[in-house]
Each structure stands twice: as structure tokens, then as C-alpha cells.
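This is what each chain is made of:
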Amino acid sequence: MKSREFVTIIEQKKIASDIYSLWIQTEHIAKGARPGQFLSLYSQDKSHMLPRPISICEIDREQGRIRMVYRVVGEGTAEFSHKKAGEQIEVLGPLGNGFPLDVGKKRIFLMGGGIGIPPMVQLAKELDGEVQVIAGYRDELFLTEELKEYASLYVATEDGSAGTKGNVIDAIYAHKLEADLIYACGPKPMLRAIQSYAKEHGILCYLSMEERMACGIGACLACVCQSKEVDAHTQVHNKRICKDGPVFLSTEVEL
Amino acid sequence: MKNTKVTLAGVELQNPVMTASGTFGSGIEYSEFYDLGRLGAVVTKGVANVPWPGNPIPRIAETASGMLNAIGLQNPGIDTLLERDIPYLRKYQTKIIVNICGKTIEDYCEVVERLSTEPVDFLEINVSCPNVKEGGIAFGQNPKALEAITREVKKYARQPVIMKLSPNVTDITEMAKAAEAGGADVLSLINTITGMKIDIHRRTFAIANKTGGLSGPAIKPVAVRMVYQVAQSVRLPIIGMGGICTAEDALEFILAGATAVSIGTANFTNPYAAKEVAEGIEAYMEQHQIADIKSLIGAVG
Ligand SMILES: Cc1cc2nc3c(=O)[nH]c(=O)nc-3n(C[C@H](O)[C@H](O)[C@H](O)COP(=O)(O)OP(=O)(O)OC[C@H]3O[C@@H](n4cnc5c(N)ncnc54)[C@H](O)[C@@H]3O)c2cc1C
Ligand SMILES: Cc1cc2nc3c(=O)[nH]c(=O)nc-3n(C[C@H](O)[C@H](O)[C@H](O)COP(=O)(O)O)c2cc1C
Ligand code: FES
């Protein structure tokens, strides 16, 4: 059975302006979790009715721990950021499908934009082959040490303060990188650009999508995206990001 | 042994707690959290004669102690519900209530007729969804139209008919009386209250539909008041809902005159909410030495 539970915070650390890294102790979530899945985090403020979905950044299956990296953007994430090691946080997961791992391609791009970068850490850890992470930041970098440990890392920044000036696509061209498989997570304009890049070059591509969620488990139809074909569950051109996603083939969704 | 059983239109429920349409899918996802047999009934998401795609995203926004939604009644259509969801729900010891939406009276009647030979216990007619342009609310805001659609649906229905009332009216008792006059067996209320949220940073509407239905604890006092008023004005049994999160909330509705209660938005905050409300009601009865829940219905005074 799925369960929503209070878990203990092992470590909470600010790793950049407004960006926090959170390790939690949760054997049963860690056991079943895959890269690309997410957790619902619950506020203890009764005026907040909806969970906050946050991606899994790292999984420590041996110690039964999960790491999440999140940006403080509102009241929910601010509340989480005030919690300290030893305190409890209410979570549900793992949710969603995660990235498919064994698709038989060896030259791989992991493309992350902003707060879409964290899921790439665990993914880089679990992939075999020539793994190249292309990480796009506004200005301030985070998680670069972790990414370098498991892959070759190429950085792009909007202001040009580090790596290629521009976005992740600019970085691919600047370094003349090539791949047969792409995994991407980030803001919609970036996913759109990657979707058309993949189409143009005939590359198999998986996109991790985001949308506001209410149930987080596939029941309420709040979090849909447009699908090219009629979906078997919904019987319309809609897929549930929380349940059928967040990871989709770039060819099955309209952005 | 405390008696938590209640009867709606001659059908006995093991307890008065059910789920609110649209917040629980067809129960499949929540059955991964607990045995649906703990509930008096499961109410399925509004279903139409054909699949509906629903509204553009964003479809929801959180608000203080509540949320706005404009899902737009996305649903897979009656065929899929009958093939996939009803057989699944039948495995549990709970009653099944199918919530129905439509654009025309004919649409509603088509679904009602399809269900007439199916193993479902009640039909709930949603004439109060504020999020679709046609049908829906148009029937729910005009007493004459409400009476007419109730009468028409009753002609085709083999199961008891629950008419779900909209709170977006001047006088809820007028609507309750119209549904009663049309032959409704049960009333359920309230559906969501039309609202709006504006994102001041992007200077745009928080949800794509501009307006959405407000639900959650923010609407509870309005809902309790309306249940009380309706209970005073018609003889039909009432299913009360609107912001119920705990057994205490549910008991307010029961004391105001509801025979049963539905849990909606609270399922999002706590997937066990409906089960916990059912357990909490039993604990309250134990604590206050109440032998039969029926003695609490409408017992405020
Ligand atoms: C599958 C998925 C994975 C995500 N992973 C991460 C992650 O790893 N790190 C991270 O920092 N953020 C992530 N997000 C975004 C994160 O969910 C939001 O930033 C967070 O919910 C904001 O909550 P708040 O209360 O601080 O902000 P508020 O703006 O006050 O939130 C108000 C409401 O809007 C919702 N909301 C606001 N922004 C978003 C958003 N971008 N996506 C979905 N719902 C939103 C909130 O959940 C809440 O219900 C993810 C979103 C999704 C859908
Ligand atoms: C996301 C969502 C979807 C809903 N869908 C339906 C629906 O399909 N049919 C219906 O009659 N009511 C629908 N409702 C209304 C609820 O059933 C209920 O009447 C209302 O939300 C008030 O109860 P609550 O405050 O406990 O959520 C929906 C509500 C929400 C929040
Ligand atoms: S959030 Fe409810 S279906 Fe995805």
C-alpha cells in the first residue's frame, strides 16, 4: 500500500541563493524510488490544502535516504526551508513514472534547466555510457560537483558568468556535442526547444514536465498535458503528468 | 456496538461517509491507500455520454484554506466508466454513486438510461458545475429548469436520483424545492462557489478559465448554513459537503440536517481523509454514548 508519512530530516543545507538541499530518512521510499520520480511534500499550515511536488535528486538505497533540491518560491517551500535536521516533514512517494533507463543508447545528453537540474544527479549516477550533462543556469551555479562526479558537465548561463553564454542548446553547439538519447527537465520554453532539436536531429528524447497538482496520484485531472494520441486512461488527448508522467517521450506530448 | 448505518432513499449505507465527485476519480488511485470498503459510498467523477477533454491548463490554484478548480469536467465517457471503473469498484463493500454531467437534457438522459441496468446504487446529477459553458449550471440556477431536468431524468432512472445543488444562487431553498417537485430522491450540496484569483506578478488570471470553483475549508460555513436551510425547507434526505476535513466538520453537517457527508478537497491534503472521518465519527459516538447516528441528524437546536 502507498503511504503518506512523517519522515526525519537528516540534513538541510542552503546551496545557493534561495536553493536548499534536503536529505530525508525514508527506507521504504528509497527502496522503490527511481530517478525522475517525485515526492509530494505537505505543509503543516492548515491554510495550505495542496501538496508541493518536488523531484528526487539523489537516492541512497543503502542508508534509506532521499535527497531533494528545491528553490524557495512561496510559502510552502519557505516553510520546508525552515526545518532543521532532526525535525519531521510529511511526504508521499515515490510518485510518477521516472526516466526509463535501459533504452540501448550509449551517447546521452542530460539537459537540465534551473530547478530542473536536480533530477539529473541520480539519473547520471544510474546511466551507463557516455553521459554528458548540459546544465543551464540563470547565473548562480549549484550541484556542479555532484554532476561532475558522474558525467562530463557542460554549463550554460544566461549572463555568461560561467560556461557558454546562453541556453543549453547554445552549449551543445558551442561544444559540438552529439547524442543518440536525450533526457531533459526544465522550464517549458527550454523543453520546447529541446523537443524541436530532438525532432530535427532524429534523437530519441524524454522530457520531464511540470504542472500544478492537487491529488498528485492521478485522480483529479488537474495536472494534464496535451498528448498527440488519444490516451487510454482519459480517452481524450490528455495525459496526467503526476501519474502517466512526469516523464514523456518528446513525440507523444504537445508543449 | 454503535449503529453508524444510514438510509438514503431506501438504500442502506454502512456509514454516512462518502467521497465528493471529482476529487476521488473512480477510487482506483485511493484504493492504494486504504480499503474502500471502509466508506459508505464512493462517488465517481462526473461522466458524460461521450469523452470530454476538459479545460486548458492551469486548471487549479491554491487559495487560503481552499482551492479554485476549473477542470472542465474532463471525463472518459460512460463506456469506459462501465467497462473499467464500475467492475473495479464492485470488488469493495461500498455503495457506488455515479455522478453525471451533460450539455443537454438528452445527454443526461442517455447516460441515465445506460446506467439503468448497471450495478450502481445511486445516480447523482450535476447541474451545478460552474466550469463548463453549456449545460451544467444553466440547469442549476433556474428553478423551472431544475424541476424540468429532474422530472426528465427520473423517467429514465432505475436507481434513486440525487440532485446536486449549486450554491451560486440567491435562495438555495427555492432550488431544493424545485428538485423535490421534480421528483428527486436525495439532494446533495454544496458544489463549488464561483471564484477568481489574479496573479499580480504576471498580471493574468491564476487559472486559464479565469473563473473557477472554490472548495475546501474556506467554504464550510456557507455549506453548513445551506444544508441547514435546505433541511428546514424540504423533506428529502441530504448529502452535505463543502470543506469537510475531519469528523468534527462532518458532525456539523449531520447536526445541521445532513444524513450523509462527502469528503472532497481534503483528499488532496490527506489521502486518508474520508476513512479518518468515518473512524472519527465512530469515536465521537463512543465518547458521547450515542447508540445510533440517526439520532444526530438535524439535532442542532
Ligand atoms: C513533478 C514536479 C517536480 C518538481 N520538482 C521540483 C524540484 O525538484 N525543485 C523545486 O524547487 N521545485 C520543483 N517543482 C516545483 C515546485 O513544486 C513548486 O516550486 C512548489 O510547489 C512551490 O510551492 P510554494 O508553496 O513555495 O509556492 P506557491 O507559489 O505559493 O504555491 C502555490 C501553489 O502553486 C503550486 N505551484 C507553484 N509553482 C509550481 C510549479 N512550478 N509547479 C507545480 N506547482 C506549482 C504549489 O504546489 C501550490 O499548490 C516541481 C514541480 C513538479 C510538478
Ligand atoms: C478538482 C475538483 C473536481 C470536481 N469535480 C466535480 C464533478 O465532476 N462533479 C461534481 O458534481 N462536483 C465536482 N466537484 C465538486 C465537489 O464534488 C464538491 O461539491 C466541492 O468540492 C465541495 O466539497 P469540498 O470542499 O469538500 O471539496 C469537484 C471539486 C474539485 C475540487
Ligand atoms: S494532480 Fe490530480 S491527476 Fe495529477
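Look a little higher up for the structure.
Residues numbered from 1 in each chain as written. Chains lettered and ligands numbered in written order. Predicted model: local features only at pLDDT ≥ 70, side-chain atom pairs only at ≥ 80, totals over all residues. Heavy atoms only, no water.

### So, the overall build of chain A
Line of reasoning, step 1. A count of helical and extended segments in chain A gives six helices and 17 strands.
Line of reasoning, step 2. Over its C-alpha atoms, taken along the principal directions, chain A stretches across nearly 50 × 45 × 35 Å.
Line of reasoning, step 3. Within chain A, the fraction of its 255 residues that count as buried is 57%.
Line of reasoning, step 4. In chain A, the share of contacts with a sequence separation of at least 24, taken over all contacts with a separation of at least 6, comes to 61%.
Line of reasoning, step 5. With the model as given, the accessible surface of chain A reaches about 10600 Å², and the carbon-plus-sulfur share is 47%. (Helix = DSSP H or I, 4+ residues; strand = E, 2+ residues; numbered from the N terminus. Buried < 20%, exposed > 50% of the residue type's maximum accessible area, 1.4 Å probe, protein only. Contact = heavy atoms within 4.5 Å. Areas by Shrake-Rupley, 256 points an atom, 1.4 Å probe, with all protein chains shown as cover.)

### Comments concerning the interface of chain A and chain B
Size of an interface: often given as the accessible area lost when the parts come together.
Line of reasoning, step 1. Counting residues at the interface gives 34 residues for chain A and 42 residues for chain B.
Line of reasoning, step 2. For the pair chain A and chain B, the two sides together bury roughly 3000 Å², of which 56% comes from carbon and sulfur.
Line of reasoning, step 3. Applying the counting criterion to the chain A and chain B interface returns three salt bridges.
Line of reasoning, step 4. Across the salt bridge formed by R52(A) and E62(B), the nearest N and O atoms sit 2.7 Å from each other.
Line of reasoning, step 5. Counting the contacts that link chain A with chain B gives 16 residue pairs in polar contact (both at pLDDT 80 or more).
Line of reasoning, step 6. Partitioning the side of chain A that touches chain B into residue classes produces 17 nonpolar, eight polar and nine charged. (Buried area = accessible area lost by both parts, 1.4 Å probe. Salt bridge = Lys/Arg side-chain N within 4 Å of Asp/Glu carboxyl O. Polar contact = N/O pair within 3.5 Å; in protein donor to acceptor, adjacent residues only side chain to side chain. Nonpolar A, V, L, I, M, F, W, Y, C, P; charged D, E, K, R; others polar.)

### A word on the side chain of H48(A)
Line of reasoning, step 1. Relative to the elements of secondary structure, H48(A) occurs in the loop between β3 (38-42) and β4 (52-55).
Line of reasoning, step 2. For H48(A), a relative accessible area of 9% puts it in the buried group.
Line of reasoning, step 3. Among the polar contacts made by the side chain of H48(A), one reaches the side chain of S43(A) at a distance of 3.2 Å.
Line of reasoning, step 4. If near-sequence neighbours (up to four positions away) are discounted, H48(A) is found in contact with S43(A), E75(A), G76(A), E62(B) and T269(B).

### A short note on the site of ligand 2
Residue and element names in this part refer to chain B.
Line of reasoning, step 1. S21, K164, G216, G243 and T265 are the nearest of the 23 residues found near ligand 2.
Line of reasoning, step 2. G216 is positioned such that a nitrogen or oxygen atom in its backbone is 2.8 Å from an oxygen atom of ligand 2.
Line of reasoning, step 3. Within the contact set of ligand 2, an oxygen atom lies 3.1 Å away from a backbone nitrogen or oxygen of G264.
Line of reasoning, step 4. Look at ligand 2: alone it shows 600 Å² of surface, and the protein chains cover 98% of it. (Near = heavy atom within 4 Å.)

### Quick look at the site of ligand 1
Line of reasoning, step 1. The environment of ligand 1 is made up of 21 residues, and the closest members are R52(A), P53(A), R71(A), G76(A) and T77(A).
Line of reasoning, step 2. Looking at what sits near ligand 1, you find residues from chains A and B.
Line of reasoning, step 3. One of the backbone nitrogen or oxygen atoms of P53(A) is found 2.6 Å away from an oxygen atom of ligand 1.
Line of reasoning, step 4. Here S55(A) contributes a side-chain N or O atom positioned 2.9 Å from a nitrogen atom of ligand 1.
Line of reasoning, step 5. About the coverage of ligand 1: the protein hides 83% of its 830 Å² of free accessible area.
Line of reasoning, step 6. Breaking the shell around ligand 1 down by element, the ones donating at least two residues are β4, β6 (65-71) and α2 (75-81) of chain A.
Line of reasoning, step 7. The element contributing the most residues to the shell around ligand 1 is β4(A), with four residues.
Line of reasoning, step 8. Here the shell around ligand 1 is composed, by residue class, of ten nonpolar, four polar and seven charged.
Line of reasoning, step 9. Formed jointly, the shell around ligand 1 draws a minimum of three residues from each of two domains, domain 1 (3-95) and domain 3 (211-255) of chain A. (Domains from an automatic or database assignment.)

### Structural notes on the sheet that holds β3(A)
Residue and element names in this part refer to chain A.
Line of reasoning, step 1. On the basis of which strands lie adjacent, the open sheet formed by seven strands has the order β4-β3-β7-β1-β2-β6-β5 and antiparallel pairing. In this open sheet, the two edge strands, each paired with only one partner strand, are β4 and β5 (58-60). Direction aside, neighbouring strands of the sheet carry axes that sit 35° apart on average.
Line of reasoning, step 2. Judged from the five bridges that link them, strand β1 (residues 4-16) and strand β7 (residues 88-95) form a sheet pairing that is antiparallel. Counted as the bridge partner of R4 is L92 from β7.
Line of reasoning, step 3. With respect to the sheet, helix α3 (residues 119-126) is in contact with β4 and β5, its orientation differing from that of β5 by roughly 55°. (Pairing = 2+ DSSP bridges. Axes fitted to C-alpha atoms, helices over the stretch in contact; angles between N-to-C directions.)

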